[in-house]
Amino acid sequence: MKKISRRNFFNTSLSLGAGAMISRAFSFAQTGNPSSLPVILVAHTNETGIKATEAGWDILSSGGSALDAVEKAANIIELDGEGTSVGYGGIPNEHGVVQLDASIMDGKTYSAGSVGCLENIKTPCSVARIVMERTDHVMLVGKDALEFAKKWGFKEEDLLTEKARKRWLEWKENHSDRDDWGPPEHLKDLQPSDEKDIEYTTGTTNVLAVDKNGDVVGITTTSGLSYKIPGRVGDSPIIGAGLYVDNEVGAAAATGRGEDVIKSCSSFYMVMRMKEGRTPQQACEDAMKLIVDKYKKVNPKFFPGETFRAINKQGEVGICNMRGRRAPSMSVMNVSGYRRHQGTIAFPVE
Ligand code: GLY
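Here is a short report on the structure shown in this document. (Residues numbered from 1 in each chain as written. Predicted model: local features only at pLDDT ≥ 70, side-chain atom pairs only at ≥ 80, totals over all residues. Heavy atoms only, no water.)

1. Brief notes about the site of the ligand
So, point 1. Around the ligand sit T204, G224, L225, R232, G234, D235, S236, G256 and G258, and that is every residue in its neighbourhood.
So, point 2. Contact between the ligand and R232: an oxygen atom at 2.6 Å from a side-chain N or O atom of the residue.
So, point 3. Between D235 and the ligand, the recorded distance is 2.6 Å, taken from a side-chain N or O atom to a nitrogen atom.
So, point 4. For the ligand, the protein covers 100% of the area, taking 200 Å² as the surface of the free molecule. (Near = heavy atom within 4 Å. Polar contact = N/O pair within 3.5 Å; in protein donor to acceptor, adjacent residues only side chain to side chain. Areas by Shrake-Rupley, 256 points an atom, 1.4 Å probe, with all protein chains shown as cover.)

2. Side note on the packing of aromatic side chains
So, point 1. The tally for this structure, following the rule as stated, stands at 5 aromatic pairs.
So, point 2. Between the aromatic rings of W168 and W181, the centroid separation amounts to 6.1 Å while the plane-to-plane angle is 70°, which identifies the pairing as edge-to-face. With W168 in helix α5 (residues 162–174) and W181 in the loop between α5 and α6 (185–188), this residue pair connects regions lying 13 residues apart in the sequence.
So, point 3. For W181, a relative accessible area of 35% corresponds to the partly exposed category.
So, point 4. The interplanar angle of 85° and the centroid separation of 5.0 Å between the aromatic rings of Y244 and F268 together place this pair among those described as edge-to-face. Placement of Y244 in strand β7 (residues 243–246) and of F268 in helix α8 (residues 266–275) is noted, with a sequence separation of 24 residues between them.
So, point 5. A relative accessible area of 36% means that F268 is categorised as partly exposed.
So, point 6. Over the aromatic face of Y88 sits the side chain of K122, whose NZ or CZ is 4.2 Å from the ring centroid.
So, point 7. Positioned above the aromatic ring of F303 is the side chain of R323, whose terminal nitrogen or guanidinium carbon lies 4.2 Å from the ring centre. (Phe/Tyr/Trp six-rings, centres within 6.5 Å; stacked < 30°, edge-to-face > 60°. Helix = DSSP H or I, 4+ residues; strand = E, 2+ residues; numbered from the N terminus. Buried < 20%, exposed > 50% of the residue type's maximum accessible area, 1.4 Å probe, protein only. Lys NZ or Arg CZ within 6 Å of the ring centre and 35° of its normal.)

This is a description of form; function is not addressed.
Rendered as structure tokens:
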């Protein structure tokens, strides 16, 4: 049996295709921090991420609300069947079923909505928005969330793309030597193995924006941990964990191993740190340290794979990876144009 750690993986999906063409947008200096309003931040930096950032920016720059901007941007990423970590095309759970988590929080009205384990709906963040705006609840899950979505006119569709199905079958054949998936036992050793290391992902996307009125809104949306146990809910739909917004301060959000983000209430913590005067960048780094300090007493070598993003009401942004060799980046757009904003690694690998 091949042993691949699910705990120390790093998020690889977000930086793919980073060299993609920036159409209308132009890059400005890689240093400094854009601090004019309105502003939008999107976790994805691939072609779809850039398209999403531009679409959100179009709304913000024409005087639209942060609420509409973040939904529009997140929908573009959710609907991209090539992406394997958010919405349609996401890697399924252990049983081959795509289960989505998403949340939205609106600073102006201090409202939030979320869905967990939602199946068959391509745009879970839009369902979360309806939970927020049309119910007195914050979170709906599973089959009842699907029924709710259908009542609001969302179309039920198969979310499993060929690409994701093939990845799932590969995982199914390789993840255990105690089941009957894969070639017959007597042929296993005779066949040349093209087995690759199983790649677990918790890609996810975060979209945070401050509009011209200074109102702050955020979305986190994901298909969650690949091959997860059915019913597993990550941090993304949990307000305070995968997302938090305070209209007086700013917003913060997470991607990566949701279990740690839930235990440390990371997004709430980052926003509270900004409230105490820390910059968004410092707040992201503080939240990483909080997690590592906890594990120090249990397993000092354990650095789980998370990336944190934050924005303050002034439009300053921050991003930090837990560990690795390559600094994390994200899409940021304001009146100066598009930029691929680079952050820091909290615990770099030499
Ligand atoms: N952060 C996404 C997840 O753990 O599901």
